[in-house]
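Descriptive analysis of the structure
Okay, here's what each chain looks like letter by letter:
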Amino acid sequence: MKKINTILLLLALICGLSLTAQNNTTRKADKLFERLQFVEAAKQYNKLIESGKGDTYVYSQLAECYYNVFNTVEAERWYAKALNNSENPELVYKYAQMLKANGKYEQSNQQMGKFASMRPGDTRAIAFRENPDYLPKILERGKKFNVQNLDINSESSDFGGTLNDGKLYFSTARNQDRRNYGWNKEPFLDIYSASINSDGSYQEATKMNDKINTKYHEGLVSFSPDGKAMYFGRESFFEKIYVKDSITKNKAGVIHLFRATKLGSDWDRVEALNINSENYSVKNPSVSPDGKTLYFASDMPGGYGNFDIYKATINDDGTIGTPINMGQKVNTEGQEMFPFISSNGTLYFSSTGHLGLGGLDVFYTREIDGRMTNVRNVGIPVNSNGDDFAFTIDEEAETGFVSSNREGGQGSDDIYAIKKIQPLCDVLVLVTVVDDETGNPIPGAVVSLFDGQGIKVLSKETNAEGFTEYLIECETANDIDAIADGYSGKRITVPSSSEEELALTISLLPIDDLIAFDKIVLEPIYFDFDKSNITEKAAFELDKLVQIMNKYPEMVIYVESHTDSRGSDAYNEKLSDRRAQSTVQYVISKGIAEDRISGIGKGEGALKVNCGANCSEEDHQTNRRSEFNITNGNPKD
């Protein structure tokens, strides 16, 4: 189970939450807890409760036992009991997480509100206050991936999923030759690999050699781009590095990172990285696509929470440079672990501190110009109300892996194959349509979304508050237009954004505002060079004319079309006449009587921009236009 990798964190929790109330009655249970033997410790705390010796301390310790083996139902029960007589903020936070893991979202939010009032400066509290309705937003965005349990999973813990040279590498507790670990009564972890068949199935997984696997825990792996170096985690007990408690005699190690070199078809020359320390853990390696940077998790001093994400340069000689904390945009007072840096520079990681669905959730961000973009939840079904971690993805193939202890798996942790089916990064565009003069919302307005090629994607009507919304991909070009009876339609460009939400207001002018003296003033009806067909953008403007003519059935329009100065006078006169006739025919096609609209081509005889031989393309386009003169039935006469 991946929580094995947080030994040092648990020791900190023991010191922070447990030792303050130990006594002779709880000594046996407490020793088991300090050894991280949570299954047996829970049995002893339960015995104390059954014998009438339960109190706030015992309840909280029992809750912590269940929390650490992810028995969410029992953890919720005993956190609730402990909080009857306790105001410990971290207990409140964990209680909120267990409620959320059990699908009790409203109650979870109530506890998060309580936690936020107790620790207003905590980044977890700040994030919750800024976005208290985050849960529906995550769920309503829908699934971005298909997720499938792998056949290679066992009844024990299996997690990680790193591809290299036609093999899948992962960590597992399936090796029954290993002694059991007290935390969860499963064997110590080893690194296994499984070759991939041509049909995508997996051969039987085999344990890596004894240079890599020891009698202690070995964790996740990451490879250099050339596949000749493998980075992985291992308990420091192997190096005889640990701290021994002078009273309990318990030994506590940390996690170190190692690099192995591929010699022939196997791995050898295992070397400890120079960033290891006997005082803190360094784990969960991920090598950047260019092989120049190592990302990892650590609880070294100076971080923001229990475990933070760091990066460091991989030097030419193989040494690792000074670790750099990824900053408070990524790291919280909770845990941030399992970083993965993808080929397009996206940093994926798991966190208990950012707003999620319960337990560890997978999040992502990118570094742009030295700054991290907003952290975003990957969403369902990659994330569940369990722990979801060790996310990896091939951005080109849009396939990868995630590990989880969600319900329905084969073991305590399972590996799942993922396939992207929707863009991961999207923006919820919130559109409100209002009257330009009064500011009042316009219900029933038709709001249409257009892609970068000008193709209409979808149309929706605004509600009674003049509101509708669209989900679009991040950093893409889109237009949105709004039309409504009695108003001049308007089209706007959606700003390119990677924010989760973008609010836009479209103000529509009353349709009569387009009548100016003896003309209908539309946005320019532009034509492509040497063309006379009506474009989609031209149709959008001409529909305003149709709406006015329908409102005023006595109105008669005379259209004048103009060209730019390119081409001969005779050719341009013919071209402009074709454009005038196309304009007239479009309006007639919308139900306007033929005797109410006519037109003529003016060629290049009335240029708006007289730029001679120095015209820009913009100047030429300005000169290619149509004008609409009211010859009869002007309502303003």
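Residues numbered from 1 in each chain as written. Predicted model: local features only at pLDDT ≥ 70, side-chain atom pairs only at ≥ 80, totals over all residues. Heavy atoms only, no water.

1. Structural notes on the environment of Tyr192
Defined as follows: The way it works is that DSSP assigns letters per residue, a run of H or I at least four long becomes a helix, a run of E at least two long becomes a strand, and they are numbered from the N terminus. We call a residue buried when its accessible area falls under 20% of the maximum for its residue type, exposed when it is over 50%, and partly exposed in between, using a 1.4 Å probe and counting protein chains only. The contact criterion used is simple: two residues touch if any of their non-hydrogen atoms lie within 4.5 Å.
Checked against the element boundaries, Tyr192 lands in strand 6 (residues 190–195). Tyr192 sits in the buried class, given a relative accessible area of 9%. As a C-alpha pair, Tyr192 and Ala593 span 401 residues in sequence and 78 Å in three-dimensional space. Apart from the residues lying within four places of it in its own chain, the contact partners of Tyr192 are Leu168, Tyr169, Phe170, Thr172, Arg174, Asn175, Ala205, Thr206, Lys207 and Met208.

2. Considerations on the state of the cysteines
The cut-off we apply is this: Our working definition of a disulfide is a cysteine sulfur pair at a distance within 2.5 Å.
Within this structure, the stated rule accounts for two disulfides. Across the disulfide, Cys425 is cross-linked to Cys474 (sulfur-sulfur distance 1.9 Å). Because the sign of the S-S torsion sets the handedness, a value of about -75° for the bond joining Cys425 and Cys474 places this disulfide among the left-handed ones. Taken together, the positions of Cys425 in the loop between strand 25 (414–420) and strand 26 (426–435) and Cys474 in the loop between strand 29 (467–473) and strand 30 (478–483) put the pair 49 residues apart, joining distant regions of the chain. Look at Cys474 and you get buried, because its relative accessible area is 9%. In this model, Cys611 is linked to Cys615 through a disulfide, with the two sulfur atoms separated by 1.7 Å.

3. Thoughts on the side chain of Ser403
Applicable threshold: Here a polar contact is taken to be a pair of N or O atoms separated by no more than 3.5 Å, where protein atoms must pair a possible hydrogen donor with a possible acceptor and residues adjacent in sequence count only if both atoms sit in side chains.
Its place among the elements puts Ser403 in strand 24 (residues 399–404). A relative accessible area of 0% means that Ser403 is categorised as buried. One polar contact links the side chain of Ser403 to the main-chain amide nitrogen of Gly160, over a distance of 2.8 Å. Leave out the neighbours within four places in its chain, and Ser403 touches Phe159, Gly160, Asp387, Asp388, Phe389, Ala390, Asp414 and Ile415.

4. Some points on the environment of Lys602
With respect to the secondary-structure elements, Lys602 resides in the loop between strand 36 (597–601) and helix 12 (617–623). The exposure class assigned to Lys602 is partly exposed, which follows from its relative accessible area of 39%. Each C-alpha atom, one on Lys602 and one on Gly227, is 70 Å from the other, the two residues being 375 residues apart in sequence. Leaving out residues up to four positions away in the same chain, Lys602 has contacts with Glu560, Ser561, His562 and Ser576.

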